[in-house]
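Spelled out from the first residue to the last, the chains are:
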Amino acid sequence: MAREDTPYPMLVVGASGAVEEANAAARALPGGARDVPAWLLRAHREHPGGPACGPVGERIFEAHPVHDDGTGRVEWWLVDVTERHRAGEALRAERDSLAAVIEVSSRLLSTLNLDRCLEAVVRLAVRHLADAARVVLPRHGHRHVVACCEADEDAVHRDLDHDAGSMPGLAEALRAFPPVPPRWLDPSEAPGWVMRDAPEGIGSVVVLALPGYGLPAGALILLRRSETHAFTPSEGLFAPLFAARAGTAISIARLYAEQAAITETLMADLLPPVVTHVNGVEVAGRYRAAGDGALVGGDFYDVHAISGAGHRSLVVLGDVSGKGLEAAVLTGKIRNTLRALLPFADDHQRVLNRLNDVLLTAEGPRYVTLVLAGVERRGGRVVLRLTSAGHPPPMIVRLDGRVQVARTRGTLIGLLEHVTSVTEEVLLEPGDTCVLYSDGVIEARGGPLGGEMFGDERLEAELRRCAGMPADALAERVQMLASQWAGGGERDDLAVVAIGVPREPPREGQS
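Just so it is clear, the model here is predicted, and its values are computed rather than measured.

The rules behind the values
- Residues numbered from 1 in each chain as written.
- Predicted model: local features only at pLDDT ≥ 70, side-chain atom pairs only at ≥ 80, totals over all residues.
- Heavy atoms only, no water.
- Helix = DSSP H or I, 4+ residues; strand = E, 2+ residues; numbered from the N terminus.
- Rg over C-alpha atoms; globule rule 2.2 N^0.38 Å.
- Buried < 20%, exposed > 50% of the residue type's maximum accessible area, 1.4 Å probe, protein only.
- Contact = heavy atoms within 4.5 Å.
- Areas by Shrake-Rupley, 256 points an atom, 1.4 Å probe, with all protein chains shown as cover.
- Lys, Arg positive; Asp, Glu negative; His and termini not counted.
- Charge placed at Lys NZ, Arg CZ, Asp CG, Glu CD.
- pLDDT = per-residue confidence, 0-100.
- Core = buried A, V, L, I, M, F, W, Y, C linked by side-chain atoms within 4.5 Å.
- Pairing = 2+ DSSP bridges.
- Axes fitted to C-alpha atoms, helices over the stretch in contact; angles between N-to-C directions.
- 1 Å grid on protein atoms, 1.4 Å probe; cavity = no way out; pocket = protein on both sides within 12 Å on 5 of 7 lines; lining within 4 Å.
- Points joined across faces, edges and corners; volume = space filled by probe spheres on them.
- Parallel < 35°, antiparallel > 145°, perpendicular 65-115°, else oblique.
- Left-handed = near helix turned anticlockwise from the far one by under 90°.
- Nonpolar A, V, L, I, M, F, W, Y, C, P; charged D, E, K, R; others polar.
- Polar contact = N/O pair within 3.5 Å; in protein donor to acceptor, adjacent residues only side chain to side chain.

### Thoughts on the overall build of the protein chain
- Looking only at helices and strands, the protein chain has 13 helices and 25 strands in total.
- Relative to the globule expectation of 24 Å for 511 residues, the C-alpha radius of gyration of the protein chain, 40 Å, shows a markedly less compact shape.
- With the C-alpha coordinates of the protein chain rotated into their principal frame, the extents come out at 125 × 60 × 45 Å.
- Counting over 511 residues, the protein chain shows a buried share of 48%.
- Within the protein chain, contacts between residues separated by at least 24 positions form 60% of all contacts whose residues are at least 6 apart in sequence.
- Carbon and sulfur atoms provide 53% of the accessible area of the protein chain, an area that totals close to 25,300 Å².
- Side chains of the protein chain carry 52 positive and 68 negative charges; the gap between the two charge centres is 4 Å.

### Looking at the confidence of the model for the protein chain
- Across the protein chain, the average pLDDT comes to 85, with 91% of residues at 70 or higher.
- Within the protein chain, strand β18 (residues 395-397) carries the highest mean pLDDT (97), whereas helix α1 (residues 2-5) carries the lowest (74).

### Side note on the nonpolar core
- Counting 37 residues, the largest nonpolar core has Val135, Leu220, Leu222, Phe242 and Ile250 as its most contacted members.
- Secondary structure elements with two or more residues in this core: α4 (82-108), α5 (114-128), β6 (132-136), β7 (144-150), β10 (204-211), β11 (216-224) and α8 (233-270).
- A total of 9 residues in this core trace back to one element, the largest contributor, which is α5.
- For isoleucine 250, the contacting residues outside a window of four places in its chain are Leu114, Cys117, Leu118, Val121, Val135, Leu137, Leu210 and Ala217.

### Considering the sheet that holds strand β13 (residues 281-288)
- Read across the sheet, 6 strands follow the order β12-β13-β25-β22-β18-β19 without closing on themselves; strand pairing throughout is antiparallel. What marks the edges here is a single partner per strand, and that holds for β12 (277-278) and β19 (403-405).
- As defined by bridge partners, strand β22 (residues 433-437) adjoins strand β25 (residues 494-500) across 5 bridges and the pair is classed as antiparallel. What sits directly across from cysteine 434, in β25, is isoleucine 499.
- Helix α12 (residues 456-464) rests against β18, β19 and β22 of the sheet, and its axis sits at about 20° to β18.

### Things to note about the sheet that holds β11
- Overall, antiparallel pairing links the 6 strands, which are arranged β8-β7-β6-β11-β10-β9 in an open sheet. The open sheet is flanked by β8 (156-160) and β9 (183-185), the only strands paired with a single partner. Pairs of neighbouring strands in the sheet enclose a mean axial angle of 20°, with direction left out of account.

### Here's the deal with empty space enclosed by the protein
- For the structure shown, the criterion picks out 1 cavity of 30 Å³ or more.
- The calculated volume of the largest cavity comes to roughly 100 Å³.
- If you list the elements that add at least two residues to the lining of the largest cavity, you get β15 (312-320), β16 (368-378) and β17 (381-389).

### Some points on the packing of α12 against helix α13 (residues 471-486)
- Running from N to C, α12 and α13 point in directions that differ by 135°, and their axes come no closer than 11 Å. The orientation of α12 with respect to α13, classified from their angle, is oblique. For the pair α12 and α13, the sense of crossing is right-handed. Counted together, Arg458, Leu459, Glu462 and Leu463 of α12 and Leu474, Arg477, Val478, Leu481 and Trp485 of α13 form the full contact between these two elements.
- In the contact of α12 with α13, the residues fall into 6 nonpolar, no polar and 3 charged.

### A word on the pairing of β25
- Of all the 7 residues making up β25, 7 are buried; the element is thus mostly covered by neighbouring parts of the structure.
- Where burial is concerned, the two faces of β25 agree: the one with Leu494, Val496, Ala498 and Gly500 and the one with Ala495, Val497 and Ile499 are both buried.
- Pairing between β13 and β25: 7 bridges, direction antiparallel. Bridged to glycine 285 within β25 is valine 497.

### Regarding the side chain of arginine 286
- With respect to the helices and strands, the residue arginine 286 is situated in strand β13.
- When its relative accessible area of 16% is taken as the criterion, arginine 286 is described as buried.
- In this structure the side chain of arginine 286 is engaged in a polar contact, spanning 2.6 Å, whose partner is the side chain of glutamate 476.
- Not counting chain neighbours up to four residues away, the residues in contact with arginine 286 comprise Tyr301, Asp472, Ala475, Glu476, Gln479, Leu494, Ala495 and Val496.

Following this line, the structure appears as structure tokens:
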């Protein structure tokens, strides 16, 4: 009677696998106690020594055996573990969802490249939520950018010229903030560009808004084989978290792309020119900013052919105060000012005075050292007018190996009310070269002891070995010497310009 009245179902299963006895609680189970559940019968025959677990109707039971030695019969006592099982399933689903969110966050935020970010979004969506996915970005100009991915295939990019209104729910997702709820559709409602290359058997389509920073980042279209217009409970937890992180990653990548484009446009005007010849004269420049990965800094050079002046041009090399972005901004201002002063290029003192006036009106201490080189070709020779304003004087490398230091000097620009300078005129014969350089060359620290400056004397000695080199090779040599001397140590901005006279005079009519 005790077994009959117990609230726990009990089945006595014989050696043949048939139910030989059942208490009242067992007889009350769905299907009664006529047959042993398949999972329990399997445990009875294969592993009768330990507990087993499986469904009976809509409930989950754990079965514990009690053996009756000598008869082959086993009493199986069933304990309802449905709630514990459901709690475990929910915990596993939440753990899996959290692991997926961590993976998604790591993958999506690992790149600032917009194309790679879109590819990661659709790949991860296919892995966790759908059988195919499309990401649609808000309209840029007359088109939408779309990234597509099918299962086990690479993501592809397309330009969409269609109106977003052709896809129900898409226009709302692309302009809504805060995000609108998911929009479920039948595949027949999706336009052709959405279903293009989709796998067979798509039963439902859902449109999700991707929230960005105050503005929608785009929309995610999921194509699923399931005909159910709803997410599973675990997907319902994961989908909004995925959409939020995908929107954040896309917003960051788009912002970075926009800033990179702006920076590239601005940098293009700040970078020094690439020249080889100006009016039949060899001119070569080398430039290196101090910071790792920096494109511009405080050193600069420019080469200007003076319009209406025949075979004349102006070469400028300078070094502004400071480093990094602030110095680059000041460099751009000075270069633009000098460009505006080109009509006065023959009068170096006037150019320096006007530039000094501009810098004195700027906020804070802003100054620059400069060397101006007026270049005029006269047949096979070149006349240089060299003016230094607080800058290291140029060095002239003669074809026979002699090196002369230009006798020019002056005060730096931007600190004093009055600027003084001395201009020297130098004649270059065929094969001669004049080298303009910033103090990043002579003040490079390194060498055997690590802290010794490269210095003027060492530069002069090295230039003697460069006699007869073309201007481009000589500029490259000077930059290489300074870099090798500094090694892996701290470096300053560096600029070098070599002005050389070809050994063979230019042909008649050649500039």
